[in-house]
Number of protein chains: 2
Amino acid sequence: MRSPTLNIQPSNCHNCRMSALCLPLTLDSSSLDRLDRVIERGRPIHKNQYIFHGGDQFKAVYAIRSGAVKAFCVSDDGSEQVTGFYLPGEIFGWDGIDNSSHSNTAITLETTALCEIPFARFEEISRTMPILQKHFMRLMAKELTSDQDLIGLLAKSSAEERVASLLLSLSSRLKRQHLSPTRFRLPMSRADIGNYLGLTVETVSRVFSRFQSFDLILCDKKEIEIINLNGLYALTHKPKA
Amino acid sequence: MRSPTLNIQPSNCHNCRMSALCLPLTLDSSSLDRLDRVIERGRPIHKNQYIFHGGDQFKAVYAIRSGAVKAFCVSDDGSEQVTGFYLPGEIFGWDGIDNSSHSNTAITLETTALCEIPFARFEEISRTMPILQKHFMRLMAKELTSDQDLIGLLAKSSAEERVASLLLSLSSRLKRQHLSPTRFRLPMSRADIGNYLGLTVETVSRVFSRFQSFDLILCDKKEIEIINLNGLYALTHKPKA
DNA sequence: ACACAGAATTGATCTAAATCATGCTGGCTC
DNA sequence: GAGCCAGCATGATTTAGATCAATTCTGTGT
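Residues numbered from 1 in each chain as written. Chains lettered and ligands numbered in written order. Predicted model: local features only at pLDDT ≥ 70, side-chain atom pairs only at ≥ 80, totals over all residues. Heavy atoms only, no water.

## Observations concerning the overall build of chain A
For clarity, the threshold we go by: Under the scheme used here, helices are H or I runs from DSSP no shorter than 4 residues and strands are E runs no shorter than 2 residues, and both carry numbers assigned from the N terminus. Our radius of gyration looks at C-alpha atoms and nothing else; its globule reference is 2.2 Å times the residue count to the power 0.38. Note on definitions: a residue-residue contact is assigned when non-hydrogen atoms from the two residues lie within 4.5 Å. Per-residue and other accessible areas were derived by the Shrake-Rupley procedure at a 1.4 Å probe size, with only the shown protein chains allowed to occlude residues. Neither His nor the chain termini are counted; the positive set is Lys and Arg, and the negative set is Asp and Glu. By convention, the charge on Lys lies at NZ, on Arg at CZ, on Asp at CG and on Glu at CD.
When its secondary structure is counted, chain A shows eight helices and 11 strands. Taking 18 Å as the expected radius of gyration for a compact globule of 241 residues, we find that chain A reaches 19 Å, a close match to that expectation. Counting only C-alpha atoms, chain A reaches 55 × 40 × 35 Å along its principal axes. Sequence-distant contacts in chain A: of pairs separated by 6 or more residues, those separated by 24 or more amount to 74%. Summed over its atoms, the accessible surface of chain A is roughly 11,000 Å², and 51% of this surface lies on carbon and sulfur atoms. Taking the average place of the 29 positive charges on the side chains of chain A and the average place of its 26 negative ones, the gap between the two points comes to 4 Å.

What follows is the structure, given as structure tokens:
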């Protein structure tokens, strides 16, 4: 049994400040109650704990209440490819729906609290709640477009653009959670960033240094302060031929 | 009105040899009939016709009966990023579900016949056919994993690996359609390939030449014959440090 | 049949990032 | 506190692929 045991916690979707993100806004109170009963809220789990492994049977998708998660897939030759970083309010684990086993592995990057949404039970109740079904398809579509954004980034951009895009993505996602968009702590290592962006650690490190020397950011190890948000943004729209 | 008018054709899902791919296998005959009545079969449309544009309202997803389609998104600076090539039996257009408008643009690469599946009507009937709903989520998940494969490819691989992977992907998808996996015509230009794989046209061209000189493939313009399938496969699993 | 624009190949040069190498720092255990 | 290891930074060198440039091929329309 690889996935950590999630103990029920005394809270619910009604009072969760994430709910606007992971649930459809238009759910009436009684529908929300029914959904509520399906969702299992876990206690915080430690850093570097696996949520699921590639190949594991697909049983649930997960919403993050706090903390951060990294998803990656392992190819036959053993090399890893980071496919995403997930922050509070975001849902991950869709990759398993296809062949009912996960293609990715998910691991916590720091102490993390999750809500587990068992897929079988979700399917049951969604049969009588079409809006829920639709919402989930929309969440999957969102994942699709975010993957396509990453594809665009990897196919075309320079190292600086890639790092700038990641910083801006994190910033806007934190902002959506009413957290500071300009001062935050990177939950992942430079190596993770490099892997995700298709760059070497050294290149990532150099780009961070360069950004500092251009007064775009301040960074002390994993603590980041964005000084010139527009400057970063300009980098992601680099002057093209 | 940008999308081409699709005229009803005298055929149905029962006798379509694609159905195994785009429909759940377990549908009973009466369910299939109901689905059948929702789907609009178009006459073949010409090369370089748009199916939908980025920003268009999302109304339907499309299954390919014959031909080939390219999907791409346009970023603010006007540059394009090819996000996928679609062959017979495959479904595209999911990208619109999220905010009910398409993020991609889809265009035919050659004369193409489509089935249009209007999403609103699909949602109606799927309410009473849970298996259909599940099937569609699986199709979306498949798209997700294929996007993630592309991410892995772009993040890590050399030009040769990328081109080899594309050729093998096309090959296996044609095989699934009971078409020759070793002799086929590329529906897309070198520029499209380059854009998709994050390479320049020149590099793509050089890789094709190199593959020929290594007796991996024969190619005359867009006509491809794969001589050494295992050799290509070996390239995609390049010896790593 | 001809002209012309776009698609593809091939060659020469340049450059951004990988690779190789070294040192620094901060947390860990013993 | 000494020693050790992982993570990060930074410098020197190499290289794969981009860029620039020129030529040939292909198909399309008149």
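So, next bit.
## Digging into the domain arrangement of chain A
Residue and element names in this part refer to chain A. Quick note on the threshold: How far each domain reaches was decided by an automatic or database domain assignment. Here the buried area means the combined drop in accessible surface, using a 1.4 Å probe, for two parts upon being joined, counting both sides. When a carboxyl oxygen of Asp or Glu is within 4 Å of a side-chain nitrogen of Lys or Arg, the pair counts as a salt bridge.
Partitioning chain A into structural domains gives domain 1 (19-152) and domain 2 (158-236). A straight line from the C-alpha centre of domain 1 to that of domain 2 covers 25 Å. Of the residues lining the interface, 17 residues belong to domain 1; the matching set on domain 2 comes to 12 residues. In total, domain 1 and domain 2 occlude about 1,300 Å² of area from one another, counting both sides; carbon and sulfur atoms represent 59% of this. For the pair domain 1 and domain 2, the interface holds three salt bridges.

## Comments concerning the protein's contact with DNA strand D
What counts, and what does not: In these notes, residues near a molecule or strand are those with any non-hydrogen atom within 4 Å of it. Whenever two N or O atoms come within 3.5 Å, that pair is a polar contact, provided that in protein one can donate a hydrogen and the other can accept it, and provided that, for residues adjacent in sequence, both atoms are side-chain atoms.
Taken together, 16 residues lie around DNA strand D, and Ser205(A), Ser209(A), Ala159(B), Thr200(B) and Thr203(B) are the ones closest in. Taking the atoms of DNA strand D that fall within 4 Å of the protein, sugar and phosphate contribute 63% of them. Between DNA strand D and Arg206(B), the relevant distance is 3.0 Å, taken from a base oxygen to a side-chain nitrogen or oxygen of the residue. At the level of elements, α7 (201-213) of chain A together with α7 (201-213) of chain B are the ones that each hand at least two residues to the surface near DNA strand D.

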